[in-house]
Protein chains: 2
Amino acid sequence: MNGADVILQTLARSGVDVVFTNPGTSEMQLVAALDDVTQMRPVLGLFEGVCTGAADGYSRVTGKTASTLLHLGPGLANGLANVHNAKKAGSSVVNIIGDHATYHLHLDAPLTSDIAAVAAPMSHHVESLQTPDDIASGAAAAFTAASAHGGQVSTLIVPADLAWSQATIESVTAQSGVQTQADGDLASAVEALRASPKKTMLYLGKEAQRDDVIALAGQIQAVTGCRIAAPTFNACLPRGQGRAVLEGTPYFAELAVEFFAGVETIVLIGAKAPVAFFAYPDKPSVLSPDGCELIALAKPGEACLVITEALAQEVGAKAAKVKTPNAQDIAAPHGDIKPDTFAAALARHIPDGAIIADEAISFSMNLPGMTEGSKAHRWMGCTGGAIGQGLSVAIGAAIGAPGAKVIAPTGDGSAMYTIQALWTMAREALDVVVIIINNQAYNILQYEMYRTGANAISPRAQTMLGLDNPQLDFCSMAKGMGVPGHRVTTAQDLDEALARAMAQAGPVLIEAMV
Amino acid sequence: MNGADVILQTLARSGVDVVFTNPGTSEMQLVAALDDVTQMRPVLGLFEGVCTGAADGYSRVTGKTASTLLHLGPGLANGLANVHNAKKAGSSVVNIIGDHATYHLHLDAPLTSDIAAVAAPMSHHVESLQTPDDIASGAAAAFTAASAHGGQVSTLIVPADLAWSQATIESVTAQSGVQTQADGDLASAVEALRASPKKTMLYLGKEAQRDDVIALAGQIQAVTGCRIAAPTFNACLPRGQGRAVLEGTPYFAELAVEFFAGVETIVLIGAKAPVAFFAYPDKPSVLSPDGCELIALAKPGEACLVITEALAQEVGAKAAKVKTPNAQDIAAPHGDIKPDTFAAALARHIPDGAIIADEAISFSMNLPGMTEGSKAHRWMGCTGGAIGQGLSVAIGAAIGAPGAKVIAPTGDGSAMYTIQALWTMAREALDVVVIIINNQAYNILQYEMYRTGANAISPRAQTMLGLDNPQLDFCSMAKGMGVPGHRVTTAQDLDEALARAMAQAGPVLIEAMV
């Protein structure tokens, strides 16, 4: 047994059952080790951002630790934007990165780079194996760190000679990382809910976005009349029929300020204090009103159930009936494809248990409201704001939740960052419905150009925001990667295409011209 | 005038005339500044790796400093693999990266990351603007660093509030960076050439890969009988008719060891000592023979002309006639498309002044020999070994050398990393002939699996190296991005498709099924 076998066996024994790979020469032993470590499903991506995004999506829907296998510093770099999103999502990921042999590094061959330095900004934990004695313990430490605090990003750097040498120590089963039980300011939260419930908001972050904690929040709302809400972009938010409705924080800071207006207390349950996505001249960066009290009941990454139960108990909500949305009878949309008709079409066809990987950006504004009463589903947002994750996260979701329909509404600009994801969807026959909003522009930036006060008006600058020359043809690109595509130009056609897509299995792309 | 105007004006006044952009909200003022800074040509890419690769290619063919404009840490991360290649190429690039407003950073909004840390591993110089007083001097310092030592990578981090605030200092013209004149061990080099010329090799790196220095090397060879050679992958190597032939170092270490066998002295002229690309069990990492003397006449980044002239003078070669390759009459190839028939077809059709962006990987083995007598051309290799650069580097070459035909032979696996490059080729109507070698595999890794001794034989591991399920259809992908594509399956068809492609302008893709 060589070092590569020990690494994969250690991860597999610890519960890692998937590896999203784009390997190179330095990782050949790790690829070969897949022959024996059959508990781990290897999934090939043609670009590393597909692999890291898929690992993120897998962890979000399963709660388990996913892994990737990438080639040296540049391979990791290609995956880093989606590692950023995974880190901000609180996903649990071990990125396994091959390195040159220990004795080869000092020669500064062309592919040499400081992998630990590349990894550090987007990792909670970086583990560089140095000697054969480190291999099992290092792999275990990477797993333990990744599984701590509800989910973290570990990078495990494996020099080629350690992978191919005979192991001195057998594989081990790693300890799962510790998650702290939240122990925040319960008394102040109770006090706020009693004193001024309608001006109090429970703000639920990732570790609180699970059915049991959301139900408790719904009970507290039912009894006290408080508001319950979530950040703009969430890792994997349970929504729809049968679940309490968490209000969503608007993306635009000026709307977010209205959203929080009148709130005197925000009780943070596994969430950070709400802040604007970007700074803008003369607009606030902090979204909560002046003087609003922020009470940290549970910090991000802490377990939230017990303390939320205590909060419900204190305010006498444990037996309350949660208000859940009614099933809505949304009429089939007609006319042009616009944010409202798009949202209506999607809301009508979300099947029970679906997972939405949302990167529709400027076209997503009507989605939360319109889908509130759709069948029970989970919603995955762009947690780190690094666009180019939607299609990749969808891959991980489809692999992590077989039987669930995954729906990936994506802007044309966003889709192009990791368009290679389509090939992996075809290869693995994943049950994903990709919806491309083809508006031939970085439409959000056309808003942002004015919101930032930059106000470029000449064609010269404006063309940097346009995708119309030449027009992208996603059906052809999808065909090139083995995914059937259909172009629709009216809301009615979109609605019908969605109905057909939901009735069949396997990947399909719907290109909505808007 | 705001900070963004000052930055772009400073770079433009210093000689930067192109910016490859994929901006976001934080960069809107820099985009708007393009309205006024008309000396700078903005070129949009749909993925940041396209932008950084294009900047690399532009610098390689022009010798000038190129720039990129990218969005925050994740945008830079997406471009980082090709920044790595640019750094290893000795290209001169300023990457302009927007950041959150200085007062917004501490809030840790979703897109926050440590941009300087992301940049550091792939940059020679990182400049983080902190105050309005820094803007002009910081932009100038970034340019100066990028233009030093023959070409370096600078990262210039621009917080949004400095971009949108009124500037306190006007734009400046930056000093060009200093390049040291080589001052190596001339006496030992002369001694080696006199004592044992046939066992001496002149080894020319990037700063020596220019017509005048190559001609001097050719004269020295003509007089002394020494060998003259270059590394495996070069930034922009002049070759073909009228130029002395530099032998190329083989990629595979075992072949490289044969290549250097019998060499007693290597005179390094702007090159590093030759080392293996990767380490392999029981194969050498250092390629020069045991006991071979390495003489550093010029270090990488140093100016090589004067000292090479001195060397030629000392060995009495200044009046010698350089041996240049004869024009070869290569017959039109027939049969299957294989490395030899592919190389023959390409060699026949290279037009005068062409630029080859080579990422054909396992299919490139016959190219150097077969194209030795082709019309004068320049050859750009994957200097940092991070595949996914060929199509992007071709963009920069086509923009930097209008009138030159750019030819980009690329593996299917390689092409997929930055396939978005096709769209920019169409948008800018660039004169690029893309040749995709579609062998439905990471073919080089099928070799490397055995060379590393990993020897996976089961389908499970082997499928991680296969691109055949589903088969990629590059003509459809090209159509989706506005580039006409033609599929060929025989060497004769390839030859004819190349003849047609060379006779017309604008981008075209030839998909060679092998």
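Residues numbered from 1 in each chain as written. Chains lettered and ligands numbered in written order. Predicted model: local features only at pLDDT ≥ 70, side-chain atom pairs only at ≥ 80, totals over all residues. Heavy atoms only, no water.

Novice: For this particular structure, what's the right way to read the overall build of chain A?
Specialist: Helix and strand counts for chain A come out as 20 helices and 18 strands. What you see for chain A is a C-alpha radius of gyration of 23 Å, in line with the 24 Å of a compact globule of 514 residues. Expressed as lengths along the three principal axes of its C-alpha atoms, the size of chain A is roughly 65 × 60 × 45 Å. The proportion of buried residues among the 514 residues of chain A is 66%. For chain A, long-range pairs separated by at least 24 residues make up 81% of all intrachain contacts whose partners lie at least 6 apart in sequence. When the accessible surface of chain A is split by element, carbon and sulfur atoms take 51% of a total near 16200 Å². Across chain A, 31 positive and 48 negative side-chain charges occur, with their mean positions spaced 8 Å apart. (Helix = DSSP H or I, 4+ residues; strand = E, 2+ residues; numbered from the N terminus. Rg over C-alpha atoms; globule rule 2.2 N^0.38 Å. Buried < 20%, exposed > 50% of the residue type's maximum accessible area, 1.4 Å probe, protein only. Contact = heavy atoms within 4.5 Å. Areas by Shrake-Rupley, 256 points an atom, 1.4 Å probe, with all protein chains shown as cover. Lys, Arg positive; Asp, Glu negative; His and termini not counted. Charge placed at Lys NZ, Arg CZ, Asp CG, Glu CD.)

Novice: Would you mind going over the environment of B:His100 with me for this structure?
Specialist: Residue position: B:His100 is located in the loop between β4 (93-99) and α5 (115-119). For B:His100, a relative accessible area of 1% puts it in the buried group. Along the chain, B:His100 and B:Gly3 lie 97 residues apart, while their C-alpha atoms are 14 Å from each other. In this structure B:His100 touches A:Phe277, A:Phe278, B:Leu72, B:Leu105, B:Ala109, B:Leu111, B:Thr112, B:Pro159 and B:Ala160, once residues within four positions along its chain are discounted.

Novice: I'm lost on the nonpolar core in this one. Help?
Specialist: A general feature of soluble globular proteins is that nonpolar side chains tend to end up buried together. One finds A:Ile7, A:Phe20, A:Ile419, B:Ile7 and B:Phe20 to be the most contacted residues of the largest nonpolar core, which totals 228 residues. Among residues more than four places away in sequence, those in contact with A:Ile7 are A:Leu30, A:Leu129, A:Ile135, A:Ala139, A:Leu156 and A:Val158. (Core = buried A, V, L, I, M, F, W, Y, C linked by side-chain atoms within 4.5 Å.)

Novice: What exactly am I supposed to notice about the relation of the copies chain B and chain A here?
Specialist: You can overlay chain B on chain A at an RMSD of 0.0 Å; the transform is a turn of 180° with a shift of 0.0 Å along its axis. What the superposition gives is, in effect, a two-fold axis relating one chain to the other. Of the C-alpha atoms belonging to chain B, the one lying closest to the rotation axis is found on B:Met477, 2.1 Å away. (Least-squares fit on C-alpha atoms with pLDDT ≥ 70 in both.)

Novice: Can you walk me through the packing of aromatic side chains in this structure?
Specialist: Taken as a whole and assessed by the stated rule, the structure comprises 21 aromatic pairs over all chains. A ring pair is formed by A:Phe20 and A:Tyr58, whose centres lie 6.4 Å apart and whose planes are at 65°; its orientation type is edge-to-face. Within this pair, whereas A:Phe20 is found in strand β1 (residues 18-22), its partner A:Tyr58 is found in helix α3 (residues 48-62), the two being separated by 38 residues in sequence. Accessibility assignment for this pair places A:Phe20 and A:Tyr58 in one class, buried. An aromatic cluster is present here, built from A:Phe233, A:Tyr251, A:Phe252, A:Phe277, A:Phe278 and A:Tyr447 joined pairwise through their rings. For A:Arg239, the ring lying beneath its charged end belongs to A:Trp379, and the centroid distance is 5.2 Å. Over the aromatic face of B:Phe259 sits the side chain of B:Arg227, whose NZ or CZ is 4.9 Å from the ring centroid. (Phe/Tyr/Trp six-rings, centres within 6.5 Å; stacked < 30°, edge-to-face > 60°. Lys NZ or Arg CZ within 6 Å of the ring centre and 35° of its normal.)

Novice: Would you mind going over the side chain of A:Asn439 with me for this structure?
Specialist: Residue and element names in this part refer to chain A. For Asn439, the position within the fold is in the loop between β16 (432-438) and α17 (443-451). Looking at Asn439, the relative accessible area reads 18%, which means it is buried. Non-local contacts of Asn439, meaning those with residues more than four positions away in its chain, are made with Ser362, Asp412 and Val514.

Novice: Could you clarify how one ought to interpret the interface of chain B and chain A in this entry?
Specialist: Often, the extent of an interface is quoted as the loss of accessible area on bringing the components together. Contacts between chain B and chain A engage 101 residues on the former and 101 residues on the latter. Contact with chain A buries area across many residues of chain B, yet B:Thr25, B:Arg460 and B:Met464 alone supply 9% of it, more than any other trio. At the junction of chain B and chain A, the tally comes to 6 salt bridges. Where chain B touches chain A, the interface holds 44 residue pairs in polar contact (both at pLDDT 80 or more). (Buried area = accessible area lost by both parts, 1.4 Å probe. Salt bridge = Lys/Arg side-chain N within 4 Å of Asp/Glu carboxyl O. Polar contact = N/O pair within 3.5 Å; in protein donor to acceptor, adjacent residues only side chain to side chain.)

Novice: How do you make sense of the pattern of salt bridges when you look at a structure like this?
Specialist: For the structure shown, the criterion picks out 38 salt bridges over all chains. The residue A:Lys318 makes a salt bridge to A:Glu309 at a minimum N-O spacing of 3.8 Å. Note that A:Arg451 is salt-bridged to A:Glu448, the shortest N-O span being 2.7 Å. Within this pair, A:Arg451 and its partner A:Glu448 are both found in helix α17, separated by 3 residues, close to a single helical turn. Across the pair, exposure class does not vary: A:Arg451 and A:Glu448 are buried alike. Each of the salt bridges in this network shares a partner with another, and the network as a whole consists of A:Asp473, A:Arg487, A:Glu511 and B:Lys479.

Novice: When you look at the packing of helix α3 (residues 48-62) of chain B against helix α4 (residues 72-89) of chain B in this model, what are you seeing that I'm missing?
Specialist: Packed helix pairs are characterised by how far apart their axes lie and by the angle those axes make with each other. Residues and elements named next belong to chain B. Here α3 crosses α4 at 20°, and the two axes come no closer than 6 Å. Here α4 runs roughly parallel to α3, going by the angle between their axes. Seen along the crossing, α3 lies across α4 with a hand that is right-handed. The residues of α4 that touch α3, namely those facing Glu48, Gly49, Thr52, Gly53, Asp56 and Arg60, are Gly75, Asn78, Gly79, Asn82, Val83, Asn85, Ala86 and Ala89. In the contact of α3 with α4, the residues fall into 3 nonpolar, 8 polar and 3 charged. (Axes fitted to C-alpha atoms, helices over the stretch in contact; angles between N-to-C directions. Parallel < 35°, antiparallel > 145°, perpendicular 65-115°, else oblique. Left-handed = near helix turned anticlockwise from the far one by under 90°. Nonpolar A, V, L, I, M, F, W, Y, C, P; charged D, E, K, R; others polar.)

Novice: Whenever I open this one, the state of the cysteines confuses me. Can you help?
Specialist: Linking two cysteines covalently through their sulfur atoms gives a disulfide. With the rule as written, the count across this model stands at 0 disulfides over all chains. You can see B:Cys382 has no disulfide; the closest cysteine sulfur is in B:Cys236, sitting 14 Å from it. A disulfide-free cysteine, B:Cys475 has its sulfur positioned 17 Å from the sulfur of A:Cys475, the nearest such atom. Taking the relative accessible area as the measure of exposure, B:Cys475 reaches 16% and is therefore buried. (Disulfide = S-S within 2.5 Å.)

Novice: Can you help me understand unusual backbone geometry in this one?
Specialist: In this model, A:Asn469 is joined to A:Pro470 through a cis peptide bond whose omega is -5°. Looking at where A:Pro470 falls in the secondary structure, it is placed in the loop between α18 (459-462) and α19 (474-480). Located in the positive-phi region is B:Leu72, a residue other than glycine, with phi close to 60°. Along the chain, B:Leu72 falls in helix α4. A residue is classified by how much of its surface remains accessible, and B:Leu72, at 0% relative accessible area, is buried. In this structure, B:Asp108 takes a positive phi of about 55° despite not being glycine. Within the element layout of this structure, B:Asp108 appears in the loop between β4 and α5. For B:Asp108, a relative accessible area of 34% translates into the label partly exposed.

Novice: Help me understand the environment of B:Val16, please; the structure alone is not making it clear to me.
Specialist: Residue and element names in this part refer to chain B. The residue Val16 is located in the loop between α1 (3-13) and β1 (18-22) in this model. Given the relative accessible area of 0%, Val16 is considered buried. Spatially, the C-alpha atom of Val16 lies 36 Å from that of Ile295, the residues being 279 residues apart in sequence. Residues within four places of Val16 in sequence aside, it is in contact with Leu11, Met40, Thr65, Ala66, Ser67 and Phe143.

Novice: Can you help me understand the sheet that holds strand β2 (residues 41-44) of chain B in this one?
Specialist: In any sheet, the strands associate via hydrogen bonds between backbone groups, in a parallel or an antiparallel arrangement. Residues and elements named next belong to chain B. Taken together, the 6 strands give an open sheet; going across it, the order is β2-β1-β3-β4-β6-β5, and neighbouring strands pair in parallel fashion. A strand with exactly one partner marks an edge of an open sheet, and here the two such strands are β2 and β5 (125-128). Across the sheet, the mean angle from the axis of one strand to that of its neighbour is 20°, orientation sign disregarded. Taken together, the 7 bridges between β4 and strand β6 (residues 153-159) define a ladder with parallel strand orientation. Paired with Val94 across the two strands is Ser154, which belongs to β6. Across the sheet, α3 is in contact with β1, β3 (66-71) and β4; its angle to β3 comes to roughly 170°. Across the face of the sheet, helix α14 (residues 390-400) comes into contact with β1 and β2 while running at roughly 145° to β1. (Pairing = 2+ DSSP bridges.)

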